[in-house]
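# Summary of structural features
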Amino acid sequence: MQQKLISLAIGATLLSAGGAMAQEVVKIGYVGPLSGQSAHLGTDTSNGARLAVEDLNAKGFKIDGKPVKFVLMAEDDAAEPKQATAAAQKLADQKVNGVIGHQTSGTSIPASRIYYNAGIPQISASATSPVYTRQKFNTTFRVVANDLKLGGTLGNYAVQNLGAKRIAVIDDRTAYGMGVATEFVKAAKGAQIVDKQFTNDKATDFNAILTSIKSKNPDLVFFGGMDSVGGPLLRQMKALGIKTKLMGGDGICTEAMPKLAGPTAGDDSVVCAEAGGVTPAQQKKMEEFAGRYKKRYGQELQIYAPYSYDAVMAMATAMANAKSANPKQYLPFLSKVSYPGITGTIAFDPAGDIKDGALTLFTFRGGKKTLIEVVK
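As recorded by an unreviewed UniProt entry, the protein chain carries the name Branched-chain amino acid ABC transporter substrate-binding protein and is attributed to Pseudoduganella albidiflava. Regarding the protein chain, the relevant UniProt record gives this comment under Sequence similarities (unreviewed entry): "Belongs to the leucine-binding protein family."

Set out below in structure tokens:
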């Protein structure tokens with residue numbers, strides 16, 4: 001009798017192990033700058049994707065009626081195109097089911113060809129260059145508005161709402177920085193562009209370009225680039241006595257911006273835009289997510305975590321609708337997905353851009369982002 005019970009126990013254990021082994025593992029890749037000047041942004045985006053994966057597993061997410069286990073496979077591209085393509089190839093070789101990333105346009109664009117060739121869907125939570133979704137790759141998507149909307153809205157706002165008449169423009173020569181600055185200039189109709197200057201995404205000394213700008217007496221400075229450069233740039237602007245506002249896109253619209261700019265920047269010295277429009281109706285969801293994020297990671301979210309969270313959830317929803325995590329099977333469903341996310345409804349146009357992309361304009365007061373308005 002005892003031997004029979006032992007045999008039954010062993011059999012049950014083997015069945016349990018077999019069931020566990022049979023559970024499908026869905027591999028979600030993430031790539032972004034987990035090192036370097038923009039590591040705080042890459043980590044933020046990675047954390048958002050990881051939180052989504054944890055939530056999916058906690059609720060026992062099913063595909064075709066069967067529970068699956070999601071795993072996040074994170075890679076560091078340090079915001080460098082060559083490292084980005086190497087990371088993309090690594091994930092393709094590991095046959096991930098989908099990719100969230102990359103962080104910047106300059107890394108997302110070259111990596112997108114690798115994912116396209118491998119047939120792996122890619123959703124960026126932050127890349128805004130129009131080029132990214134104009135390559136006719138059916139695997140390429142984004143959950144934020146592109147530079148046409150971002151730069152165009154900021155250019156119009158600068159003239160119509162801020163009354164800017166003399167504008168100096170600086171960009172960091174990256175795909176993102178140049179793209180948003182170009183669209184800004186096109187839209188700033190009625191204002192005179194009194195100076196155009198260039199820097200790079202690792203610069204720390206802006207004395208020469210700011211001295212030139214100061215001599216042109218602008219009433220607004222626009223910067224196309226990220227907060228790691230924008231913060232020190234603003235600090236040096238104020239040190240040189242340039243009292244105008246600094247305007248920029250989502251790259252400088254982060255919680256880290258006031259710290260990087262320093263106390264001399266002051267309140268209302270920045271006008272920036274997130275390339276995702278969070279309406280008042282969505283604000284409660286965003287606040288709840290921010291609370292969960294802080295509890296989970298012990299820090300404030302920067303900007304992109306809610307978008308990467310929604311990207312993972314939209315991808316999982318497409319898999320459920322397709323009854324398969326196979327990229328070939330769920331890709332057509334991803335292009336038609338409609339997911340009610342934290343940041344709004346995630347749905348894509350034929351190019352892979354977010355439908356009805358909007359913007360949220362912010363400034364900084366007391367070291368915190370303060371909403372100005374949502375622009376559709």
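What follows covers the domain arrangement of the protein chain. In terms of domain boundaries, the protein chain breaks down into domain 1 (24-145 + 280-355) and domain 2 (148-274). Computed from C-alpha atoms alone, the centre-to-centre distance between domain 1 and domain 2 is 29 Å. The interface of domain 1 with domain 2 comprises 17 residues on the first partner and 17 residues on the second. Each partner contributes to the roughly 1500 Å² buried at the junction of domain 1 and domain 2, and carbon and sulfur atoms together form 55% of this total. Sorting the residues of domain 1 by area buried against domain 2 places Gln 37, Gln 302 and Ile 303 first, and these three jointly supply 32% of that buried surface. For the interface between domain 1 and domain 2, the tally reads six residue pairs in polar contact (both at pLDDT 80 or more). Among the elements of the structure, α2 (39-58) and α4 (105-118) are those that each provide at least two residues to the side of domain 1 that touches domain 2.

With that settled, the discussion passes to the pattern of salt bridges. One pass over the structure, following the stated rule, counts twelve salt bridges. The residue Lys 186 makes a salt bridge to Glu 183 at a minimum N-O spacing of 3.4 Å. In this pair, Lys 186 and Glu 183 are both assigned in helix α6 (residues 175-187), three residues apart and thus about one turn of the helix distant. In this structure Glu 183 comes out as buried when scored by relative accessible area, which is 13%. With a closest N to O distance of 3.5 Å, Asp 201 and Lys 202 form a salt bridge.

Here we take up the nonpolar core. Core analysis: the largest hydrophobic core is formed by 52 residues, its most contacted members being Phe 184, Leu 210, Leu 246 and Met 247. Ranked by residue count, the leading element in this core is helix α5 (residues 147-160), at five residues. Split by domain, this core shows at least three residues from each of two domains, domain 1 (24-145 + 280-355) and domain 2 (148-274). When neighbours within four sequence positions are excluded, Phe 184 is seen to be in contact with Gly 151, Gly 152, Leu 154, Gly 155, Ala 158, Ile 167, Val 169, Leu 220, Phe 222 and Met 247. Leu 51, Phe 61, Ala 125 and Val 337 belong to the second-largest nonpolar core, a separate cluster that totals 46 residues.

Evaluated as defined, the whole model comprises one disulfide. The disulfide partner of Cys 253 is Cys 272, and the S-S distance across this bridge is 2.2 Å. Residues Cys 253 and Cys 272 are joined by a disulfide whose S-S torsion is about 60 degrees; by sign, that bridge is right-handed. Here the residue Cys 253 occupies a position in the loop between β10 (245-248) and α9 (257-261), and Cys 272 occupies one in strand β11 (residues 270-274), the gap between them amounting to 19 residues. One exposure class covers both Cys 253 and Cys 272, and it is buried.

Before going further, it helps to spend a moment on the packing of aromatic side chains. How two aromatic rings sit relative to each other is set out by the distance from centre to centre and by the angle between their planes. Under the definition given, this model contains seven aromatic pairs. Ring plane angle 15 degrees and centroid distance 4.0 Å describe the contact between Phe 184 and Phe 222, whose orientation is recorded as stacked. One end of the pair, Phe 184, is in helix α6; the other, Phe 222, is in strand β9 (residues 220-224), and 38 residues separate them in sequence. Of the two residues, Phe 184 and Phe 222, neither departs from the other in class, the shared state being buried. For the pair Tyr 293 and Tyr 297, a centre-to-centre distance of 4.9 Å together with 55 degrees between the ring planes defines the contact as tilted. Of this pair, Tyr 293 and Tyr 297 both sit in helix α10 (residues 280-297), four residues apart, roughly one helical turn. Take Tyr 293: its relative accessible area is 0%, and that puts it in the buried class. Within the aromatic cluster, the residues linked to one another by ring pairs are Phe 289, Tyr 293, Tyr 297 and Tyr 309. The ring of Phe 362 carries Lys 369 above its face, with NZ or CZ at 4.6 Å from the centroid.

Turning next to unusual backbone geometry. With an omega of 0 degrees, the peptide bond between Gly 101 and His 102 qualifies as cis. Take His 102: it is sitting in the loop between β4 (98-101) and α4. Phi at Asp 64 is positive, roughly 55 degrees, even though this residue is not glycine. Its location among the elements puts Asp 64 in the loop between β2 (62-63) and β3 (66-76). Judged by relative accessible area, Asp 64 falls into the partly exposed class, the value being 46%. One non-glycine residue with positive phi stands out, namely Asn 217, at about 55 degrees. You can see Asn 217 is positioned in the loop between α7 (207-215) and β9.

Rules used throughout
Residues numbered from 1 in each chain as written. Predicted model: local features only at pLDDT ≥ 70, side-chain atom pairs only at ≥ 80, totals over all residues. Heavy atoms only, no water. UniProt positions renumbered as here; feature names shortened; annotations may be inferred. Domains from an automatic or database assignment. Contact = heavy atoms within 4.5 Å. Buried area = accessible area lost by both parts, 1.4 Å probe. Polar contact = N/O pair within 3.5 Å; in protein donor to acceptor, adjacent residues only side chain to side chain. Helix = DSSP H or I, 4+ residues; strand = E, 2+ residues; numbered from the N terminus. Salt bridge = Lys/Arg side-chain N within 4 Å of Asp/Glu carboxyl O. Buried < 20%, exposed > 50% of the residue type's maximum accessible area, 1.4 Å probe, protein only. Core = buried A, V, L, I, M, F, W, Y, C linked by side-chain atoms within 4.5 Å. Disulfide = S-S within 2.5 Å. Phe/Tyr/Trp six-rings, centres within 6.5 Å; stacked < 30°, edge-to-face > 60°. Lys NZ or Arg CZ within 6 Å of the ring centre and 35° of its normal.

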